[in-house]
Amino acid sequence: MSFRKPSPFAWWSALSAVLLLTACSQEKDAFLNRTFHRLTARDNGWFNANEKLKEKVMDMEDAHVDNFDDVLPLFVYGTDVQAKAAVPDLEKCIDKCSLVIERHSMDIQGKERNTWIDDAWFVIAKSQFYKRNYSEAERGFTYIGRRFKGSNRELESQIWVARTAIELEQFAKARSALDNVRGNKKLPKRFDQGELAAVEAHLELRRGKVDDAIMHLERAIPLADRKRERVRWAFILAQLYELKGQEEKAIAQYAQVVKMSPPYEIAFHAQIFQALAFNKGDSKALRKKLVAMLRDDKHIDHFDMIHYALADLDLKERKKPEALERLRTSVRVSTTDTKQKAKSFLKLADIYFDDRAYVPAQQYYDSTRTLLSEEHARYEEVDTRARVLGDLVEQLNIIEREDSLQELMGLDPEELEKKIRGMIREREQAEAERERQEELAREQLSPSGNAPPPPGTGGRGNWYFYDPQQIGRGLSSFRKKWGNRPLEDNWRRKDRSGSAVAQQDEEEEEEGPDSKEKAEAEWKDPSFYMRDIPKDEAAVEASNARICSALYTSGMIYKEQLKDIDNAIESFEVLNNRFEECRYTPESHYQLYRIYLEKERNGWFSLDGMGSQTYADIILERWPDSEFARLVRDPNILQADEARRKDEEVAYKDVYQMYREYAYFPVITACDRVIADEPYNHFRPKYHFLKAMAIGGTRNIPAYRTALSVVKTQFPGTEEAQRADELLASLDGGDGAPKPKPPSAPVYDKKDGAHYYVVVVPNRATDITTAKAAVADFNSTYFGHTPLEVTSTFLGTDYQVVLVNPLPDKAKALEYHGLFVANADLLLGLNDQDYPAFAITTENYALLYQSKDVPAYMMFFQQNYLDRQ
């Protein structure tokens with residue numbers, strides 16, 4: 001029998017296999033073992049995971065859109081939506097590095113011999129951070145710093161502990177971590193000291209210590225590793241200088257940013273902000289630079305911002321007319337930047353408001369409100385001013401309207417015809433200008449809205465029928481009813497703006513083929529302007545009554561809501577001088593008495609002898625038995641009335657708290673008692689409205705509608721009447737009464753604990769097996785490390801529930817909910833069908849299963865889970 005000699009290749013193969021098997025051991029601290037596990041850990045798992053992580057972080061940074069109205073964030077971590085979208089890829093990074101740790105860790109005698117294991121842990125912790133799972137991220141970074149002393153990741157992990165603590169608003173912990181890093185006598189050569197200083201600046205900014213942030217940022221910029229970071233931090237430093245009123249430093253720093261070849265948006269804003277930071281000196285150079293930018297078409301989408309900056313320079317140099325024209329130009333040339341358009345509108349509104357030019361101010365506040373985000377710091381203020389000034393302008397329009405009609409009444413037929421012909425010519429010119437402006441708007445303006453007509457062309461002195469202010473007012477009313485519709489012809493129109501009857505509320509009619517021609521023919525017909533002219537004494541008295549009411553109402557708006565005492569005095573005095581006696585003459589005299597009394601208490605005195613005593617004497621003489629005379633004789637009554645008001649407010653809040661606890665029938669009883677027994681209660685409108693809402697809570701729709709109608713008719717002009725009108729409109733639109741939890745609904749427990757996640761699916765809507773499979777796929781993609789079970793059961797005869805469990809606590813359940821509702825691929829057909837989906841504790845699920853009142857629990861979920869996030 002013969003034996004064949006093994007080939008050299010076979011010998012080498014056998015030897016390699018032996019060496020490989022020997023090197024695979026994680027418990028042997030030999031050169032071959034260390035080399036094998038280090039190379040495999042780095043090249044097979046960690047490298048791919050780290051590259052994927054860097055890719056996702058870069059995607060978040062690239063997708064970030066800066067809001068230059070605020071100080072930019074030093075670090076970009078992405079939005080909630082981006083974090084949720086990145087979860088599957090970040091989970092893969094975690095899986096890869098977990099596998100690296102499991103297969104290649106060499107923990108021998110308490111020391112890790114594989115130098116890439118700390119890097120794997122670092123990728124896991126950073127992935128958790130960008131998932132916004134900050135508690136797990138902090139745990140990971142802390143473990144690295146404690147477990148891998150002296151490694152290249154020890155100090156870096158401490159910085160990330162600080163970054164995580166800052167996001168959790170644990171500022172003391174962040175400061176401690178940064179102090180630990182600073183406490184090292186000698187930092188490694190490759191250690192990123194720029195990042196350390198920037199994180200310190202980030203911490204101080206979050207704590208509101210701008211001066212300290214500036215100090216750290218000045219140190220961070222020259223030490224930054226990447227140009228992107230260096231440019232961003234330099235821009236933020238300029239913003240902080242400006243925030244602290246160091247204008248010269250800010251301008252110099254912005255100029256330095258421009259020299260750093262930054263991205264376009266930062267370069268552009270750095271140049272604009274130089275002008276906005278300007279406060280004193282010669283603005284010639286800045287103006288020259290801005291005008292040159294207007295000649296460069298690459299800035300065309302930012303021309304509005306350039307004009308705004310030029311207007312800001314004009315205002316600082318007291319050139320108000322030029323500033324107003326610049327701001328109107330800014331609005332006119334706006335293309336896509338609705339934020340800048342809102343800023344320009346708001347600046348115009350503020351200027352006119354400060355000048356007490358309330359009609360144009362109202363238009364510009366109203367335009368601002370249509371563009372401003374509800375999260376904007378001034379949204380509530382703008383909304384209030386637009387509403388209050390809208391009420392004021394409405395009263396001023398009534399006065400103009402009635403004055404115009406009465407002036408026409410006093411003309412002889414020949415003069416009347418001549419006047420009306422002039423009005424028609426003016427209307428033709430206004431129509432031609434309107435069409436020109438609409439054509440210009442189609443070419444230049446974004447579809448988000450038009451600028452109102454230039455306020456300088458109209459006002460109280462213009463003729464009512466063709467006053468351009470009325471055109472702007474109509475545009476605001478149009479938007480309130482129809483929204484921001486695009487500019488297009490013949491969508492739905494009935495032109496009655498040339499007649500005083502346009503002020504009346506009438507139902508719109510669908511436009512017929514000849515309606516436009518008919519409307520045009522109407523305003524060109526002289527009889528169109530004569531139909532509302534008072535024809536007899538009774539009509540004149542009714543007209544005067546409307547003027548009296550409008551004068552008093554406008555005076556009260558000036559006095560109480562705008563705190564404009566001078567215009568309030570003028571309105572009340574015009575009323576008193578114009579009418580010997582009208583509905584509001586006593587009230588008008590009393591308001592003047594109160595105004596002058598307050599002025600005298602503050603040290604004012606009259607040179608002509610007119611003061612509070614003048615009006616007190618008139619009241620006592622002309623209306624001696626009135627409530628006003630009683631208040632004049634005993635001013636202390638007002639103090640007692642104020643004390644009573646405070647007591648009534650406390651009582652109202654108690655009843656309102658009952659409403660919030662869904663005790664609808666006790667609320668109705670309490671409101672009925674106050675309405676019946678306290679006719680002078682300051683909160684009567686609120687009690688009526690609260691009663692209506694409680695009735696709505698009982699699902700009695702006819703009674704709910706009746707109660708809202710009472711509020712609307714008995715308390716016109718109040719916030720409660722306005723809200724009642726809105727609710728009645730929603731009822732007419734089919735929205736129904738509000739759907740709070742009915743009194744019979746179970747009382748759900750608010751305590752934390754183990755949760756289910758529930759999706760309620762109609763039996764006929766989808767196959768429950770398909771729904772469960774989709775949820776299971778979603779779980780494996782987004783919660784691969786969490787063992788979750790998907791089951792289903794019936795909820796009544798018409799619905800089934802898909803049940804996901806167990807979720808350990810409320811926080812995890814809310815995380816699940818956020819990812820579930822945001823998913824745009826795996827759950828299509830399930831989470832986009834408006835099926836009820838919510839987290840619920842095991843105890844509350846038992847109550848829900850018994851009551852089967854899903855809407856009631858959805859309200860509980862909204863109030864106690866989502867609203868409290």
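Residues numbered from 1 in each chain as written. Predicted model: local features only at pLDDT ≥ 70, side-chain atom pairs only at ≥ 80, totals over all residues. Heavy atoms only, no water.

Undergrad: How would you sum up the overall build of the protein? Please name residues and give values.
TA: Per the secondary structure count, the protein includes 35 helices and six strands. Across the 869 residues of the protein, 45% fall into the buried class. Restricting the contact set of the protein to residue pairs at least 6 apart, pairs at least 24 apart contribute 65%. With the model as given, the accessible surface of the protein reaches about 45,900 Å², and the carbon-plus-sulfur share is 51%. (Helix = DSSP H or I, 4+ residues; strand = E, 2+ residues; numbered from the N terminus. Buried < 20%, exposed > 50% of the residue type's maximum accessible area, 1.4 Å probe, protein only. Contact = heavy atoms within 4.5 Å. Areas by Shrake-Rupley, 256 points an atom, 1.4 Å probe, with all protein chains shown as cover.)

Undergrad: Explain the state of the cysteines to me, using residue names and the numbers behind them.
TA: The full count for this structure, using the stated rule, is one disulfide. Between the sulfur atoms of Cys548 and its disulfide partner Cys582 the distance amounts to 2.1 Å. On the sign convention where negative is left-handed, the bridge of Cys548 and Cys582, at about 60 degrees about the S-S bond, is right-handed. Linking Cys548 in helix α22 (residues 537-561) with Cys582 in the loop between α23 (565-578) and α24 (585-601), this pair joins segments that are 34 residues apart in sequence. Each member of the pair, Cys548 together with Cys582, is buried. Looking at Cys97, it has no disulfide partner, and the nearest cysteine sulfur is the one in Cys93, 7.0 Å off. You can call Cys97 buried: its relative accessible area is 0%. (Disulfide = S-S within 2.5 Å.)

Undergrad: So, the sheet that holds strand β4 (residues 789-795): which residues are in play, and what are the values?
TA: Spatial ordering of the open sheet is given by β4-β5-β3-β6, a layout of four strands whose pairing is antiparallel. Sheet topology places β4 and β6 (837-841) at the edges, where each strand pairs with a single neighbour. Ignoring which end each strand starts from, the neighbouring axes of this sheet average 30 degrees apart. Across seven bridges, the pairing between β4 and strand β5 (residues 799-807) is antiparallel. Bridge assignment links Glu789 to a residue of β5, and that residue is Asn805. Running at roughly 115 degrees to β6, helix α34 (residues 842-851) makes contact with β3 (755-762), β4, β5 and β6 of the sheet. (Pairing = 2+ DSSP bridges. Axes fitted to C-alpha atoms, helices over the stretch in contact; angles between N-to-C directions.)

Undergrad: For a negative patch on the surface, give the residues involved together with the corresponding values.
TA: Side chains of Asp412, Glu414, Glu415 and Glu417 sit close together on the surface and give a patch of like negative charge. Structurally, Glu417 can be placed in helix α19 (residues 413-444). Of the residues examined, Glu417 reaches a relative accessible area of 47% and is grouped as partly exposed. (Patch = residues over 30% accessible without salt bridge, like charges linked within 9 Å, V, L, I, M, F, W, Y side chains within 5 Å. Salt bridge = Lys/Arg side-chain N within 4 Å of Asp/Glu carboxyl O. Lys, Arg positive; Asp, Glu negative; His and termini not counted. Charge placed at Lys NZ, Arg CZ, Asp CG, Glu CD.)

Undergrad: If you had to explain the pattern of salt bridges to someone new, which residues and values would you point to?
TA: Tallied over the full model, the rule gives 57 salt bridges. Where Glu402 meets Arg546, a salt bridge forms, and the shortest distance between an N and an O atom there is 2.9 Å. Remark: Arg546 occurs in helix α22 and Glu402 occurs in helix α18 (residues 379-409); sequence separation between them is 144 residues. Given the relative accessible area of 40%, Arg546 is considered partly exposed. When salt bridges with common partners are traced through the structure, they connect Arg175, Asp179, Arg182, Glu200, Glu204, Arg207 and Arg219 into a single cluster.

Undergrad: Quick rundown of the packing of helix α16 (residues 338-354) against helix α17 (residues 358-371)? Include the residues and the values.
TA: Packing of α16 against α17 leaves a shortest axis separation of 8 Å and a crossing angle of 160 degrees. One finds that α16 runs roughly antiparallel with respect to α17. With respect to the hand of their crossing, α16 and α17 are arranged in left-handed fashion. Judged by residue contacts, Thr338, Lys341, Ala342, Phe345, Leu346, Leu348, Ala349, Asp350, Tyr352 and Phe353 of α16 engage Tyr358, Pro360, Ala361, Tyr364, Tyr365, Ser367, Thr368 and Leu371 from α17. Grouping the amino acids of the contact of α16 with α17 by side-chain chemistry returns 13 nonpolar, three polar and two charged. (Parallel < 35°, antiparallel > 145°, perpendicular 65-115°, else oblique. Left-handed = near helix turned anticlockwise from the far one by under 90°. Nonpolar A, V, L, I, M, F, W, Y, C, P; charged D, E, K, R; others polar.)

Undergrad: Lay out the confidence of the model for the protein with the relevant residues and their values.
TA: Overall, the prediction assigns the protein a mean pLDDT of 81, with 84% of residues at 70 or greater. No element of the protein has a lower mean pLDDT than helix α20 (residues 468-482), which averages 46, and none a higher one than helix α9 (residues 210-220), which averages 94. Low pLDDT, under 50, characterises residues 475-513; the stretch is placed with 71 contacts to residues that sit more than four places away or in other chains. (pLDDT = per-residue confidence, 0-100.)

Undergrad: Would you mind going over the pairing of β5 in detail, with residue names and values included?
TA: Consecutive residues of a regular strand have side chains that alternate between opposite faces of the sheet. Burial of β5 is extensive: seven of the nine residues sit out of reach of the surface. Where β3 lies against β5, seven bridges are found, and the strand directions are antiparallel. Directly across from Pro762, in β5, lies its bridge partner Tyr799. In this antiparallel pair of consecutive strands, β4 and β5, the connection spans three residues, and Gly796 shows a positive phi of 80 degrees.

Undergrad: Could you give an account of the packing of helix α33 (residues 810-822) against helix α35 (residues 854-866), naming the residues involved and the relevant values?
TA: Where α33 meets α35, the axes come as close as 12 Å, and the angle between the chain directions of the two elements is 110 degrees. Between α33 and α35, the angle falls in the class roughly perpendicular. Relative to α35, α33 is oriented so that their crossing is left-handed. Together, Lys810, Leu814 and His817 of α33 and Phe861, Asn864, Tyr865 and Leu866 of α35 make up the contact between the two elements. Partitioned by chemical class, the residues of the contact of α33 with α35 number four nonpolar, two polar and one charged.

Undergrad: Describe the environment of Leu592, and please don't skip the residues or the numbers.
TA: Topologically, Leu592 is positioned in helix α24. Between the C-alpha atoms of Leu592 and Glu570, which are 22 residues apart in sequence, the distance is 9.8 Å. With near-sequence residues (within four places) excluded, Leu592 lies in contact with Ile569, Phe572, Glu573, Asn576 and Tyr615.

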